[in-house]
Amino acid sequence: MVQRKKSDVRDAILQAAFELFSAQGYSSTTLPQIARQAGISTANVYVYFSSKLDVLFTLYAPWLRERMDKLERTLSRIRDPQQRLQRLLLVLWRDLPRESNGFANNVMQAVSTSNGDGDYSPELREFFQGRVAGWVADCLQVSPREATMIASVLLMAFDGFAMNVRLVHGVACDPRMAELMAKHLLEGRPRA
């Protein structure tokens, strides 16, 4: 007998997973824990999601897209390229890694512990990189190719800051660091 999917069950799974991932991290959260908190069986989770990674990305995609849209609105109000770039770096390296109890760290844990069996899709990373590359191109007045390369480096740093947010003595970005990086990126850009 085929089980019919119900949106309230799916929502309960996602809510339970978000709470558990936020509280204890991806690596320490199991599908049986998610199922128990959602009030369903572990087997029932698989009716809705193919894996724990699928659950995480189902949560993370709208979470990240919402924050990128908010950042877009913020950056559009800042006219000075250096201040705009500083704000971009602060959001990427300080605000996003800290938000929702370090929720972005869950993706770092998931990707670093995956066995590369094809369960990971690069779609969300490509979206994230594309948005950041657009803002970089606007601030630095560089080609799309150069903006994409710079965005790649900025996102690698984002990954590091997202991992460090959970460390007691981890490295954190502050306004001075963002100002210094923005200044050097602007000074190093090609002159027209």
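Predicted model only: the values in this text are computed from it and were never measured.

Calculation notes
Residues numbered from 1 in each chain as written. Predicted model: local features only at pLDDT ≥ 70, side-chain atom pairs only at ≥ 80, totals over all residues. Heavy atoms only, no water. Salt bridge = Lys/Arg side-chain N within 4 Å of Asp/Glu carboxyl O. Helix = DSSP H or I, 4+ residues; strand = E, 2+ residues; numbered from the N terminus. Contact = heavy atoms within 4.5 Å. Axes fitted to C-alpha atoms, helices over the stretch in contact; angles between N-to-C directions. Parallel < 35°, antiparallel > 145°, perpendicular 65-115°, else oblique. Nonpolar A, V, L, I, M, F, W, Y, C, P; charged D, E, K, R; others polar.

### Quick look at the pattern of salt bridges
Piece 1. All told, the structure shown has ten salt bridges when counted by the stated rule.
Piece 2. Glu 126 is paired through a salt bridge with Arg 125; the nearest N and O atoms lie 3.8 Å apart.
Piece 3. Counted as one network, the salt bridges with shared partners bring together Glu 66, Arg 67 and Glu 99.

### Here's the deal with the side chain of Ser 22
Piece 1. Inspection of the secondary structure puts Ser 22 in helix H1 (residues 7-24).
Piece 2. Ignoring sequence-local partners within four residues, the contact set of Ser 22 consists of Ser 100, Asn 101, Phe 103, Asn 106 and Arg 166.

### A closer look at unusual backbone geometry
Piece 1. Phi angles above zero are rare outside glycine, and Ser 100 is one such case at about 55°.
Piece 2. Relative to the helices and strands, Ser 100 resides in helix H5 (residues 81-102).
Piece 3. Unlike most non-glycine residues, Asn 101 shows phi in positive territory, near 60°.
Piece 4. Mapped onto the elements, Asn 101 comes out in helix H5.

### Looking at the packing of H1 against helix H4 (residues 52-76)
Piece 1. Between H1 and H4, whose axes approach to 10 Å, the crossing angle comes to 85°. The angle between H1 and H4 places the two elements in the roughly perpendicular class. Along the contact surface, H1 presents Arg 10, Leu 14, Ala 17, Phe 18 and Phe 21, while H4 presents Lys 52, Val 55, Leu 56, Thr 58, Leu 59 and Trp 63.
Piece 2. Broken down by class, the residue content of the contact of H1 with H4 amounts to eight nonpolar, one polar and two charged.

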